[in-house]
Amino acid sequence: MGVGFDVRILVTGANGMLGRDLVPALTAAGHEAAGATRAAFDVTDRDETLRAIGEAAPDLVVHAAAYTRVDDAEREPERAFAVNHGGTRNVADACGARGAKLVYVSTDYVFDGTARAPYRETDPTNPLSVYGRSKRMGEREVERLGNDGLIVRTSWLYGPHGPNFVEAILRQAGEKGRLTVVNDQEGAPTYAADLAEAIAVLVDRGAGGKVHFSGDGSCTWFEFAREIVSQAGMAGVETLPITSESLGRPAPRPAYSVLCLDRYISLTGCRPPGWKESLSRYLERRGRTASKPDDRHKEVGIR
């Protein structure tokens, strides 16, 4: 992408779980970062998006605004595609019009889960859900920009500024003392603060194309839940595995969506933190925060 330090950056979705960590991470890296929320402009409105990005005059846009409710997308596909595909097309066109670079945050759900080894950036996509298809269509809009576009795929995102799986587990463990969690989907939990810092590093390196980033290692949702309960010191909570079929979610999920991190490591010289280590830092940060985050989550997979 050919960008360096002291870049003027606009972050869409700045009030979201990732966006609220992105602006400070980019600022700490020496950039002039500003956040844009839906109140500033709606990415699904083409004219509004072109005007707002033109007036902001960024050198680079990090497009974190997205429709992320995986199950709801099955019920309202038009809305999911309007945001994730149409909105990304509008942002990409606005960037192209002023020669700005674009970083797009995407998902492991563009894959179908039939792999037996971590997915590389060059592996074929085959999304199973409306959400996954809408995000893949958004990727294609960014691909039109060539080296001026960077697609960062991530997985199982959680953080203090939005609905997340960790909070859902802690709440239900506290209320019920017993959890049943899906054990036939394997992926990698990713702490939003780690992803925000990774994006800042990739911007500094001038990365383009596609890059995968997640917590290092992998687990099932059941194993993730068990680790949450253990690290939180919630002795006596029974955690039982169930199947995705028995949970009955509207949207199909890939059974295996672990991302290969080799390209990120090669570009940056940094290995992402292990997912258990990142969970520990999240719980420590949570303990220092008086107001607790929302405990809903699009990916919960628990009863």
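Residues numbered from 1 in each chain as written. Predicted model: local features only at pLDDT ≥ 70, side-chain atom pairs only at ≥ 80, totals over all residues. Heavy atoms only, no water.

*Asks:* With reference to specific residues and values, describe the nonpolar core.
*Replies:* Grouped together as the largest cluster of nonpolar side chains are 35 residues, with contacts concentrated most on Phe 165, Val 166, Ile 169, Val 181, Trp 221, Phe 224 and Ile 228. When contributions to this core are tallied by element, the ones reaching two or more residues are helix 3 (70–75), helix 4 (77–98), helix 5 (130–143), helix 6 (165–176), strand 7 (178–182), helix 8 (221–231) and helix 11 (275–288). By residue number, the principal contributor to this core is helix 8, which donates six residues. Every residue in contact with Phe 224, bar those within four places of it in the chain, is listed here: Trp 156, Tyr 158, Phe 165, Val 166, Pro 189, Cys 219, Trp 275 and Leu 279. Counting residues in hydrophobic clusters, the runner-up holds 31 residues, among them Val 7, Ala 196, Ala 200 and Val 203. (Core = buried A, V, L, I, M, F, W, Y, C linked by side-chain atoms within 4.5 Å. Buried < 20%, exposed > 50% of the residue type's maximum accessible area, 1.4 Å probe, protein only. Helix = DSSP H or I, 4+ residues; strand = E, 2+ residues; numbered from the N terminus. Contact = heavy atoms within 4.5 Å.)

*Asks:* How would you sum up the sheet that holds strand 10 (residues 209–212)? Please name residues and give values.
*Replies:* The strand order across the open sheet built from six strands is 2-1-3-4-5-10, with neighbouring strands paired in parallel fashion. For this open sheet the edge positions go to strand 2 (32–36) and strand 10, each flanked by a neighbour on one side alone. Averaged over neighbouring strand pairs, the angle between their axes works out to 20° when direction is ignored. Both strand 4 (residues 101–107) and strand 5 (residues 149–154) contribute to a ladder of six bridges, which runs parallel. Each bridged residue has a counterpart across the sheet, and for Thr 107 the counterpart in strand 5 is Thr 154. Helix-sheet contacts for helix 5 involve strand 4, strand 5 and strand 10, and the interaxial angle to strand 4 is about 160°. Docked against the sheet, helix 7 (residues 192–205) engages strand 1 (8–12), strand 3 (60–63), strand 4, strand 5 and strand 10, running at close to 155° with respect to strand 5. (Pairing = 2+ DSSP bridges. Axes fitted to C-alpha atoms, helices over the stretch in contact; angles between N-to-C directions.)

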